[in-house]
Amino acid sequence: MDNLLGILALAILGYLFWQQRRQSELAQQFITQRCQQLGLQLLSVARGSHRLKDDAGNWCWQTLYLFEFSADGADAYEGCATFRGLRPVQFYVPPHHMPG
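Each value, and the rule that gives it
- Position numbers for residues count from 1 along each chain, tracking the sequence in the order it is written.
- pLDDT decides what is reported in this predicted model: residues at 70 or higher carry local features, side-chain atom pairs at 80 or more are listed and counted, and totals for whole chains, interfaces and linings draw on all residues regardless.
- With hydrogens and water excluded, all non-hydrogen atoms of the structure serve as input to the side-chain values.
- Working definition: a ring pair exists when centres of Phe, Tyr or Trp rings (six-membered ring for Trp) sit within 6.5 Å. Plane angles under 30 degrees give stacked, over 60 give edge-to-face, the rest tilted.
- The helix count covers DSSP runs of H or I at least four residues long, the strand count covers runs of E at least two residues long, and both are numbered beginning at the N terminus.
- Here the term buried applies to any residue with accessible area under 20% of the maximum for its type, exposed to any over 50%, and partly exposed to those in between, with areas from a 1.4 Å probe on protein chains only.
- Following DSSP output, two strands are said to pair if at least two bridges run between them.
- To define axes, lines are fitted to C-alpha atoms, for helices over the stretch in contact only, and angles between the resulting N-to-C directions are given on a 0 to 180 degree scale.
- Whether two residues touch is decided by their heavy atoms; if any such pair falls within 4.5 Å, the residues are in contact.
- Distance and chemistry together define a polar contact, namely a pair of N or O atoms within 3.5 Å, with one atom able to donate a hydrogen and the other to accept it when in protein, and with adjacent residues in sequence counting only for side-chain atoms on both sides.

(A) Just the packing of aromatic side chains, in detail. Inspection of the entire model under this criterion finds 7 aromatic pairs. Summarising the aromatic geometry, the rings of F30 and F91 are spaced 5.7 Å apart at their centres and angled 90° between planes, so their arrangement reads as edge-to-face. Residue F30 is found in helix α1 (residues 2-37), and its partner F91 is found in strand β4 (residues 87-92); the two are separated by 61 residues along the sequence. The residues F30 and F91 share a single accessibility class, namely buried. Centroid distance Y65 to F83: 5.8 Å. Interplanar angle 80°. Geometry classified as edge-to-face. Taken together, the residues Y65 in strand β2 (residues 59-70) and F83 in strand β3 (residues 77-84) connect sequence positions 18 residues apart. A relative accessible area of 1% places F83 in the buried class. What links up through ring pairs into an aromatic cluster is the set F30, Y65, F67, F69, Y77, F83 and F91.

As structure tokens, then:
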């Protein structure tokens, strides 16, 4: 019985790791695409915090991704994107200087 529980725990951990990798790849693609649409240069993407519940108290896998971008190549700003499961639910770009 202990072996069965160990195998089950290992399978659950493997599944969660696989889902996190998949979510990270989708977040990278989504953030890159959004920055291109806005005419911004993407500098870096990092995974932030994880939560198992959203603001409404519903169970879900929610992750915050932080990214740095530049509008003119000289300044750097930090934005964020929130994913719930494999779907983006929020994309925030702070006010920034646009070259003109």
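The rest of the description comes next.
(B) Examining the sheet that holds β3 more closely. Reading across the sheet, the 4 strands line up as β1-β2-β3-β4 and stay open at both edges, with antiparallel pairing between neighbours. The two strands at the open ends of the sheet, each matched to only one other strand, are β1 (41-53) and β4. Averaged over all adjacent pairs, the angle separating strand axes in this sheet is 20°, with direction ignored. Note: β1 against β2, 9 bridges, orientation antiparallel. Across the sheet, residue R47 finds its bridge partner in β2, namely Y65. Along the sheet face, α1 touches β1, β2, β3 and β4 and points at about 40° away from the line of β2.

(C) Summary view of the side chain of S70. Tracing the backbone shows S70 in strand β2. S70 sits in the buried class, given a relative accessible area of 3%. In terms of polar contacts, S70 uses its side chain to reach the backbone amide nitrogen of D72, at 3.5 Å. Here D75 takes part through its backbone oxygen, which lies 2.7 Å from a polar atom of the side chain of S70.

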